[in-house]
Amino acid sequence: MAALSVLDLSPIVEGSDASRSLANSLDLARHAERLGYKRYWLAEHHNMPGIASAATAVVIGHVAGGTRTIRVGAGGIMLPNHSPLVIAEQFGTLAALYPGRIDLGIGRAPGTDMGTARALRRNLEAGVDNFPQDVIELMGYFQPAEEGQRLRAVPGEGQNVPVWILGSSLYGAQLAAMLGLPYAFASHFAPAELDQALDIYRSRFQPSEQLDKPYAMLGLNVFAAATDAEARLLFTSLQQAFVNLRTGRPGKLPPPVEGYERDLDPVARIMLGQALSCAVVGSAETVRQGIDAFVRRTGADELMVTAQIFDHAARVRSFEILADAHKSLAQAA
C-alpha cells in the first residue's frame, strides 16, 4: 500500500489569524507523527490571505522543532522566486538542525499572482526558463565541496538533502525523469495531465545517485468524517475557497455551507468537478474504498494528502480516520 503523507497549506480560517494557523499546523504535525504519516510538507504561496506558509523554510523549522521523527519539508519551494544558493543555505541549515528529516520539493510556478511574482523574483529576465539550470545548481550546493571551490553553501554542502520535482504538467515529469529525482504531482488541484505525466516520468526515468527507480507521490484531497454527509459538508470550505480563488477573490478559508454545490452556477460546478476530481470525501469505509481505487488506478508510491477543513478538530479527526483506513488496507494486502 502506498505510504501516506500530509500537505499542509496552513490555512487561515475566517475569524482567525496566522498565529492560530501556525499553531494548528504544529498540532496537526504532532498528530500525523503519532498516526504514522511519513512526511509533513508545507507549501510556498504569497499574497494569499488564507495561507500562512509563505515563509516556508521558517514554518518547516517551527514544525520540525516541535516533532521528533516525521520527515518535514517543502511541497514546495517555488525556485524562480529565489536564488538557488539561498535555498541551499536555508535547507542546509534545516538539515543541520534536524538531520535525516528534511525534504526539499521544488517547483517552477510562482505560487502567486504575476504582480506578486514580480515583487518576489530576484531576476525578471530569468524566471521559469532557467528552472532546470537552477535545479542543477541547487543540487550542486548539497554535494561535498571540491578542492578550490570558491562558492559554497554553508550550511548545505555535504548535506545531500533529498530533492523532489513538483509539477502539475508534463514539464516537471520530463525534468524529474531526466534528473532521476522523485516526482510529486499536484493532482489535488490540477489533475488533467496526471496519467500522461506519470507515463512520461516512468517510461523516461534515468537512475541517479539519489534514486534508482521512479518514485511518484500524488496529491489527493481527503475529507473524512463520521458520515458521508458530514464529510461532504466539510468539503464545501475547499469548494468555496477554490471558486473564490479562480474568480479573483482569494480570502480566508470559509466555514462549510449546506447545499453549496447544489446552488452553484453550472460553469463553477464544472470547474470544481474538473479541478477537484482527485478527492475522496466520506465516511471511513468510503475513504478506504476511495484511496484503494486511486492507488490501484495510478500506481502511486505515496499519497500526499491535503484537507482544507475549517474546524481544526474536524481536520485532525479526518486524518485519524484516513490513517485507520490506510492501516486496514495495508493489513488486508
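Below is a short write-up of the structure.

1. Structural notes on the overall build of the protein chain
Piece 1. What the protein chain contains, in helices and strands, is eleven helices and nine strands.
Piece 2. Over its C-alpha atoms the protein chain spans a radius of gyration of 19 Å, differing by no more than 12% from the 20 Å that the globule rule assigns to 333 residues.
Piece 3. Looking at the protein chain residue by residue over its 333 residues, the buried ones come to 54%.
Piece 4. Sequence-distant contacts in the protein chain: of pairs separated by 6 or more residues, those separated by 24 or more amount to 74%.
Piece 5. For the protein chain, the computed accessible surface area is about 14600 Å², with 52% contributed by carbon and sulfur atoms.

2. Structural notes on the environment of Val 281
Piece 1. Considering the arrangement of structural elements, one finds Val 281 in strand S8 (residues 279–282).
Piece 2. Taking the relative accessible area as the measure of exposure, Val 281 reaches 19% and is therefore buried.
Piece 3. Taking the C-alpha atoms as reference, Val 281 lies 36 Å from Val 135; in sequence the two are 146 residues apart.
Piece 4. Here Val 281 is in contact with Phe 223, Ala 231, Arg 232, Phe 235 and Thr 286, once residues within four sequence places are set aside.

3. Side note on the environment of Trp 164
Piece 1. Relative to the elements of secondary structure, Trp 164 occurs in strand S5 (residues 163–167).
Piece 2. Taking relative accessible area as the criterion, Trp 164 reaches 3% and is therefore assigned buried.
Piece 3. Separated by 148 residues in sequence, Trp 164 and His 312 have C-alpha atoms that sit 29 Å apart.

4. Concerning the pattern of salt bridges
Piece 1. Enumeration according to the criterion identifies eleven salt bridges in this entry.
Piece 2. Ionic pairing is found between Asp 8 and Arg 315, a salt bridge with its closest N-O pair at 3.0 Å. Pair noted here: Asp 8 is in strand S1 (residues 3–8) and Arg 315 is in helix H11 (residues 312–332), with a separation of 307 residues, a long-range link.
Piece 3. Given the relative accessible area of 0%, Asp 8 is considered buried.
Piece 4. Residues Arg 34 and Glu 320 are paired through a salt bridge, measuring 3.3 Å at the closest nitrogen-oxygen approach. Of this pair, Arg 34 sits in helix H1 (residues 18–35) while Glu 320 sits in helix H11, and the two are 286 residues apart along the sequence.

5. Focus on the packing of helix H7 (residues 194–204) against helix H10 (residues 284–298)
Piece 1. Where H7 contacts H10, the axes come no closer than 11 Å and their chain directions differ by 50°. Viewed along their axes, H7 and H10 adopt a mutual orientation that is oblique. For the pair formed by H7 and H10, the contact residues are Leu 194, Asp 195, Leu 198 and Arg 202 on the first element and Phe 294, Arg 297 and Thr 298 on the second.

Definitions and limits used
- Residues numbered from 1 in each chain as written.
- Predicted model: local features only at pLDDT ≥ 70, side-chain atom pairs only at ≥ 80, totals over all residues.
- Heavy atoms only, no water.
- Helix = DSSP H or I, 4+ residues; strand = E, 2+ residues; numbered from the N terminus.
- Rg over C-alpha atoms; globule rule 2.2 N^0.38 Å.
- Buried < 20%, exposed > 50% of the residue type's maximum accessible area, 1.4 Å probe, protein only.
- Contact = heavy atoms within 4.5 Å.
- Areas by Shrake-Rupley, 256 points an atom, 1.4 Å probe, with all protein chains shown as cover.
- Salt bridge = Lys/Arg side-chain N within 4 Å of Asp/Glu carboxyl O.
- Axes fitted to C-alpha atoms, helices over the stretch in contact; angles between N-to-C directions.
- Parallel < 35°, antiparallel > 145°, perpendicular 65-115°, else oblique.

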